[in-house]
Amino acid sequence: MTPKPGTPKPGTPDPEIAADAAPGPTEWSISGSTGLATDSVGVGPHPLPWPEDPRYDPELLASGDARNVVDHYRYWRREAIVADLDRRRHPLQIAIENFGHDMNIGTVVRTANAFAVTAVHIIGRRRWNRRGAMVTDRYQHLQHHDDISSLLDLARTQQLTVIGVDNLPGSVPLETTQLPKRCLLVFGQESTGLSDAARQAAAMTVSIAQFGSTRSINAGVAAGIAMHAWIMAHADLGTSW
């Protein structure tokens, strides 16, 4: 595929994978007849008088809010939500390789948003299936890298320890390892795992204990387990919702 004109530089936010203003493929809708969220999801119009706080969106106050957000952010403008999340984000970053159009990226983005990860880096293909993200990509910082070299430059600049996650020979058990506080967790593709370049770049590779017959677990699930391991080691649980 021929690159589009104006392709952003490696390591910069990419408009193709950044949040956009149009309703996402899994955004819940408001019923026009009742003014209530369909299937009782979200909240209806805000009762009068409306709050004067500039973080609130007049359109949402008038029509209701059926977005996939926690109650704390109901009726808030998207920009206000992102700004508030930026105050809460953890010094953890995630990267996932996308050389084969991996279907797990949406799940990884959604989980990264739930754990207030600073950024998600997508290595390889720019396009990915957004449906699994449940529109959380609108609130999560995403960056694209054509290959791992620009990602490693970022890691050095931000003093992040690169940790691979894969069940490779020589990997250490995640269950008995404390991840560094400032780290970049790198995940490979569903079928082949980490690329050779990612393996060589990692200061350490951790594996997740398995006890069944399957060779590996789903990459989206593995990412959730590894992120939660970081949360248990470093997050202030008193700040969770």
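One can find the structure itself at the top, above this paragraph.
These numbers were taken from a predicted model, which means no experiment stands behind them.

A. How the structure looks around the nonpolar core. Counting residues in hydrophobic clusters, the biggest one holds 30 residues, and the most contacted among them are Leu-92, Ile-94, Leu-179, Leu-185, Phe-187 and Met-227. Elements that contribute at least two residues to this core include exactly strand S1 (90-98), helix H3 (105-114), strand S2 (117-124), strand S4 (161-165), strand S6 (183-187) and helix H6 (219-234). Of all the elements, H6 adds the most residues to this core, at seven residues. Here Met-227 is in contact with Leu-92, Ile-94, Val-108, Thr-111, Ala-112, Phe-115, Val-117 and Leu-185, once residues within four sequence places are set aside. Judged by nonpolar contacts, the second largest core, of 14 residues, contains Ile-123, Leu-154, Leu-194 and Ala-198.

B. Region of the structure containing the side chain of Asp-57. The topology assignment puts Asp-57 in the segment before helix H1 (58-63). Salt bridges are absent for the buried Asp-57, whose nearest opposite-charge side chain, Arg-77, sits at 4.9 Å. Contacts of Asp-57, omitting those with residues within four sequence positions, involve Tyr-75, Trp-76 and Arg-77.

C. A look at the pairing of S1. Burial analysis of S1 places eight of its nine residues in the buried class, which makes it a mostly covered element. The pairing of S1 with S2 spans seven bridges and is parallel. For Ile-96, the partnering residue across the bridge sits in S2 and is Ile-122. Two elements, S1 and S6, share five bridges in a ladder whose sense is parallel. For Ile-96, the partnering residue across the bridge sits in S6 and is Phe-187.

D. Local environment of the pattern of salt bridges. Following the criterion strictly, the structure yields 10 salt bridges and no others. Across the pair Asp-137 and Arg-130 runs a salt bridge whose closest N-O atoms are separated by 2.9 Å. A salt bridge links Arg-199 to Asp-196; the nearest nitrogen and oxygen atoms lie 3.7 Å apart. Of this pair, Arg-199 and Asp-196 both sit in helix H5 (residues 196-201), three residues apart, which is roughly one turn of that helix. With relative accessibility at 33%, the residue Arg-199 sits in the partly exposed group.

E. Expanded view of the sheet that holds S4. Across the sheet, which stays open at both edges, the seven strands sit in the order S3-S2-S1-S6-S4-S7-S5 with parallel pairing between neighbours. If you trace the sheet from one side to the other, it starts and ends with strand S3 (142-145) and strand S5 (172-173), each paired once.

Thresholds applied
Residues numbered from 1 in each chain as written. Predicted model: local features only at pLDDT ≥ 70, side-chain atom pairs only at ≥ 80, totals over all residues. Heavy atoms only, no water. Core = buried A, V, L, I, M, F, W, Y, C linked by side-chain atoms within 4.5 Å. Buried < 20%, exposed > 50% of the residue type's maximum accessible area, 1.4 Å probe, protein only. Helix = DSSP H or I, 4+ residues; strand = E, 2+ residues; numbered from the N terminus. Contact = heavy atoms within 4.5 Å. Lys, Arg positive; Asp, Glu negative; His and termini not counted. Salt bridge = Lys/Arg side-chain N within 4 Å of Asp/Glu carboxyl O. Pairing = 2+ DSSP bridges.

Function cannot be inferred from these measures alone, as they are strictly geometric.
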